[in-house]
Every structure is written in structure tokens, then in C-alpha cells.
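# Structural overview for review
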Amino acid sequence: MHFNARYNTLSSRLYHHQQPVPLKGPKAGHFNEALADQLQWSEQDKAEWMEICSGQKTFAEFEPLAMVYAGHQFGQWAGQLGDGRGLLIAQILDKNNQTIDLHLKGAGSTPYSRMGDGRAVLRSVIREYLAGHALNCLGIASSNAVGFTSSAQGIQREKLEPGAMMLRTSECHIRFGHFEWINQYQPDLLSEFAQKCIEWHYPECLEAEQPILAFATKVIQRTAVMIAKWQLVGFAHGVMNTDNLNITGSTLDFGPYGFMERFRPNWINNHSDYQGRYTYQQQPSIAHWNLWQWLNNLVPLCPTDYDREQWKQDLAACLEHYEPTFLEHYKLGLNQKMGLPGFHKDSFDCAMAFLRILQSEQLDYTQGFIRLQNKEYDVIKDDCLDRRAFESFLSQYKTIREFQDTTELDTQMTKANPHYILRNHMAQKAIELAEADDFSEVDRLFKLLGQPFTKQSELEQPEDLGPLPSDVPEVMVSCSS
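Residues numbered from 1 in each chain as written. Predicted model: local features only at pLDDT ≥ 70, side-chain atom pairs only at ≥ 80, totals over all residues. Heavy atoms only, no water.

### A word on helix α15 (residues 406–416)
Helical geometry note: an α-helix holds 3.6 residues per turn, so side chains three or four residues apart project in the same direction. Burial in α15 covers these residues: Leu 409, Met 413 and Ala 416. For α15, the buried positions fall inside an angular range of 75° around the axis, keeping them on one side. Along α15, the residues that are exposed and aim more than 90 degrees away from the buried face are Thr 407 and Lys 415. Those residues of α15 hidden inside the fold are in contact with α10 (322–338), α12 (365–373) and α14 (387–401). (Buried < 20%, exposed > 50% of the residue type's maximum accessible area, 1.4 Å probe, protein only. Helix = DSSP H or I, 4+ residues; strand = E, 2+ residues; numbered from the N terminus. Arc of directions from axis to C-beta. Contact = heavy atoms within 4.5 Å.)

As C-alpha cells, then:
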């Protein structure tokens, strides 16, 4: 590995050094060799992946640390939070010379664990391992993982479950909540911290007349792009607290997430979300709310020669980039999924008409687009109670497509519509087998989700291609992990 330690050069008030506490009886789970290669792991590193991913081996070049931060959870100020069960165990350079965090999840209690035990269970580790891999392969910025291990040690949740650890990677673990904690508890650190965030993640902003405003705009735009991409694949994060969004616009902290199946925009995938705050349809507005909270923490960075009220207005103006950035990427992506020309004035309205059909008929979101892509119009119509509505849509759809070479439009569709998403029942089957020390289904799904836009008939199973029957209960997912 090529180490590039950065975070531990900041004030020691921002973290706590400690070593991971390995679980008893560690067992190999799954190893992402392609990611290890991208991270320039040596052959020895790869041979020792299980020791690294189970907390048995750390590195002299970087003393592990738990970060402290704060946050708004379900819209309410939650005070001090932090890495309650995870440790940053290294920062290394990948093949692109980008600094990547290695973060060990389930590594034991820290000063920020509050009432938690500092552990992770196999169930949640597998869900995060597969989801990060799935999103990366869908072209959506996300944390990823080098590997995970199970153990013989039981961890108490609603029931006793196998303990596990996972080595997560991300280009950034700095959250909106870091700024909230600094402002609330250590405001003298804010200026240096913001400067380092810009130097490390947005160096181009250093050349701007007002680097903080340029930084804020970039964070807002990247967040908007991430949310647009979530919406396009039907991904619902489930717990969009300010401590779960980072400053580089990449997906972080998979808890009770879900990939939508039947198109229900108000679907509550997190059964701890009693008010439905974090449903799929709410994600764009919640991200806007989180960014507004984050911007408030930049107010104290007003330059000495700047009118403070004008500074507040200029920060607020940065947020005006959010909606047009989100809509630009969402409309472009939706037109590509539909195989519609972006320049046509009616393309977006036609796409929305298709979404209304998916919603009213409760059709599968992913397979609905695949059937459209495969021109299986009669199959879709046969699933509709309101056949006239579909025929009206189809007439408009075919008319609009005549304005551009359909070969080009069809090619766009194949690049925009995945055959496979990680449905909750797919993950659950892998979990149940893994809890019996059989990781074959984890491996199958890892391979399947690694090429989501390519039909893999030899690898797929029928249940990968649609929702469970309506008489089978949904897999219940909550914040318990």
C-alpha cells in the first residue's frame, strides 16, 4: 500500500486514537480483489486480507482513529455523534493517485458509541458490502468495500446474531455533521478544517475569488447529482441524516436502504422511519434541507472585509444551484432510460406519463424500463388494468422517438437501464446462507451486480428479476444493525 496520512494531521480534538478489538473466531466472508488491485495492495496485503478486514492487523504508517461529528437525525438536532463502531485505519493512494480512506466497521466501542456496543452484525455488513458494490457498478458514487469477515462471536440485537467486520473504502468520510460538531463545540477549528477540506477534495476552489463560496457550490452540485442518480435507479437511502451525507457527493452509511421494486414513490423502506421522512420521493427535498443546515455552519467563515449580511445572502445563493443541477441530471437520465431525445419538448412529459403508469399499475420499476427497452409493449399492456392509458402513452412515445435515430436512442437505453438491482429478498437469502457459513450466494450476487447492464442468463435466478409475490411478506429493514 502507498500511504498518504492526512486526517491525523488535523487537531487531535477531532478524533480519538485507538486500536480495533477483533471478534472471536474470525471467518473469511468475501474479498473484492479487483478493488484491492485498484488500491495498489501488494500480494502480501492481499494474502493478509482476512487479518486486515477483521482488525487483527493494523499499520505502523497510520494509527487508527475514530472521528467525532454531530448531526440532525430525522430532522432533530442530535448533538455529538461520531464513529461509534468504526475506525479509520489508513489513508492510501489508489492507481489514480487519489487518496482513499480505509475504514473498519464493527471494530469495537469508541468514546462516541453512546449506548452502542461498537459492533456490527453479519446481516448489516453483507447488505452494505453488496449495496456499495452495486451502486459503484451502476455508475453512482459510493463507498465500497475490500472485504468482510464473519465470526463465531454472537452480538445481541433483537436476537443474537453473528458479529462481523467490513473494511469500507471511500474518498471521503467527512460529513456535513463534522461542520456541525465543530461549530457547536470547537469553533476555533472551523477555518483550518474548511481550508483542509478544500485543499484535499476541491483544490480547484483555491483559485476562486471566494474559495468558501466556490466550495459550497461544488458540494451542493455534487450532492444534487448523487440524488438524481439515486432517483433514476430507484435507490432509497432510508436514513438521510446530516451525519450520513459527505462533502464529496458519494453515497455513505448504508443502513435500512432499499432498491424500489413496485413503483411506489411514498414507499417507506426504513421501518424505523415512522413519519416517512426518508421515502424515495422525499430524497431531493431532504438533501436540500440538509445542505441548508450545512451552509449555516459556513456563516462564521465570513471574510473580515466582507459584509456579514451579504455573506449570508451569498451562501444562500449557492443553494440556488441545487434544483437546476438535480433537474438537469434527472431529466437527462430519465430521457436516456426511456430512449427519448433530450431536445424534444415533450420527452420529459412522456417519461412522467410512463412513471404514472408504473405507479398506478404497481409495476416493477426496473423491469418496467427493461421491457420498454426490449419493446415488449404488449407485455406491459397486459399487466395494465387501464390499457387505454398505456396505449395513449405508447402512441406519444413512438411519435417522439421518430425525431431521432432510434438506434442511437436504443443504445442509450441499454447503458441506462440495469437488468439487476439488489432487491431486499436477494440480500436476505444471501444473509441467511451466510449465517450458516455458506457465502456462495454472496459471491453469486457480487458477480451478478458487478455487470448490472449485461444480461447474465447463466448466473441469474428468477427471483432476481422481480418483486416477491404479493402474498409473501416484504423483508422488513430497520435501523438495527
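From this point, the discussion proceeds with the structure in view.
### Some points on the pattern of salt bridges
Overall, the coordinates contain 28 salt bridges when judged by the stated rule. Put simply, Arg 175 and Asp 253 hold a salt bridge, and the shortest N to O gap is 2.4 Å. Placement of the pair is Arg 175 in the loop between β11 (160–170) and α5 (176–185) and Asp 253 in the loop between β12 (235–236) and β13 (258–259), with a sequence separation of 78 residues. Of the two residues, Arg 175 and Asp 253, neither departs from the other in class, the shared state being buried. Between Lys 381 and Glu 391 there is a salt bridge, and its shortest N-O distance comes to 3.4 Å. Residue Lys 381 is located in helix α13 (residues 377–382), and its partner Glu 391 is located in helix α14; the two are separated by 10 residues in the primary sequence. Exposure remark for Lys 381: the relative accessible area of 17% places this residue in the buried category. Each of Lys 105, Glu 128, Arg 168, Arg 175 and Asp 253 takes part in one network of salt bridges that share partners. (Salt bridge = Lys/Arg side-chain N within 4 Å of Asp/Glu carboxyl O.)

### Re the UniProt feature "active site" (unreviewed entry) in the chain
The UniProt entry lists Asp 243 under the feature "active site" (unreviewed entry), expressed in the numbering used here. Assignment of secondary structure puts Asp 243 in the loop between β12 and β13. Its relative accessible area of 7% is what places Asp 243 among the buried residues. Other than its neighbours up to four places away in sequence, Asp 243 contacts Tyr 69, Ala 70, Gly 71, His 72, Gln 73, Leu 81, Arg 175, Gly 177 and Asp 253. (UniProt positions renumbered as here; feature names shortened; annotations may be inferred.)

### With respect to the packing of α10 against α12
Running from amino to carboxyl end, α10 crosses α12 at an angle of 55°, the nearest separation of the two axes being 9 Å. Here α12 runs oblique to α10, going by the angle between their axes. Between α10 and α12, the contacting residues are Leu 334, Lys 337 and Met 338 on the first element and Tyr 365, Phe 369 and Leu 372 on the second. (Axes fitted to C-alpha atoms, helices over the stretch in contact; angles between N-to-C directions. Parallel < 35°, antiparallel > 145°, perpendicular 65-115°, else oblique.)

### What to know about the UniProt feature "binding site: Mg(2+)" (unreviewed entry) in the chain
Mapped onto the present numbering, the UniProt feature "binding site: Mg(2+)" (unreviewed entry) falls on Asn 244 and Asp 253. Within the secondary structure, Asn 244 is located in the loop between β12 and β13. Take Asn 244: its relative accessible area is 8%, and that puts it in the buried class. Excluding its chain neighbours within four sequence positions, the residues that come into contact with Asn 244 are Arg 175, His 237, Val 239, Leu 252 and Asp 253. Not counting chain neighbours up to four residues away, the residues in contact with Asp 253 comprise Arg 168, Arg 175, His 237, Asp 243 and Asn 244. At a separation of 2.9 Å, a polar atom in the side chain of Asp 253 contacts the side chain of Arg 168. (Polar contact = N/O pair within 3.5 Å; in protein donor to acceptor, adjacent residues only side chain to side chain.)

### A look at the environment of Gln 221
Here Gln 221 is to be found in helix α7 (residues 211–233). You can call Gln 221 partly exposed: its relative accessible area is 25%. Along the chain, Gln 221 and Glu 323 lie 102 residues apart, while their C-alpha atoms are 9.0 Å from each other. Apart from the residues within four sequence positions on either side, Gln 221 is in contact with His 321 and Thr 325.

### Some remarks on the domain arrangement of the chain
What the domain assignment lists for the chain is domain 1 (1–173) and domain 2 (333–414). For domain 1 versus domain 2, the distance between C-alpha centres works out to 41 Å. (Domains from an automatic or database assignment.)

### Regarding the side chain of Asp 94
Mapped onto the elements, Asp 94 comes out in the loop between β6 (86–93) and β7 (99–105). As a buried residue without a salt bridge, Asp 94 has its nearest oppositely charged side chain in Lys 95, at a separation of 9.8 Å. Among the polar contacts listed, one links the side chain of Asp 94 to the backbone nitrogen of Gln 98, at a separation of 2.9 Å. Asp 94 has contacts with Gln 38, Leu 39, Gln 40 and Ile 100, leaving out every residue within four places of it along the chain. (Lys, Arg positive; Asp, Glu negative; His and termini not counted.)

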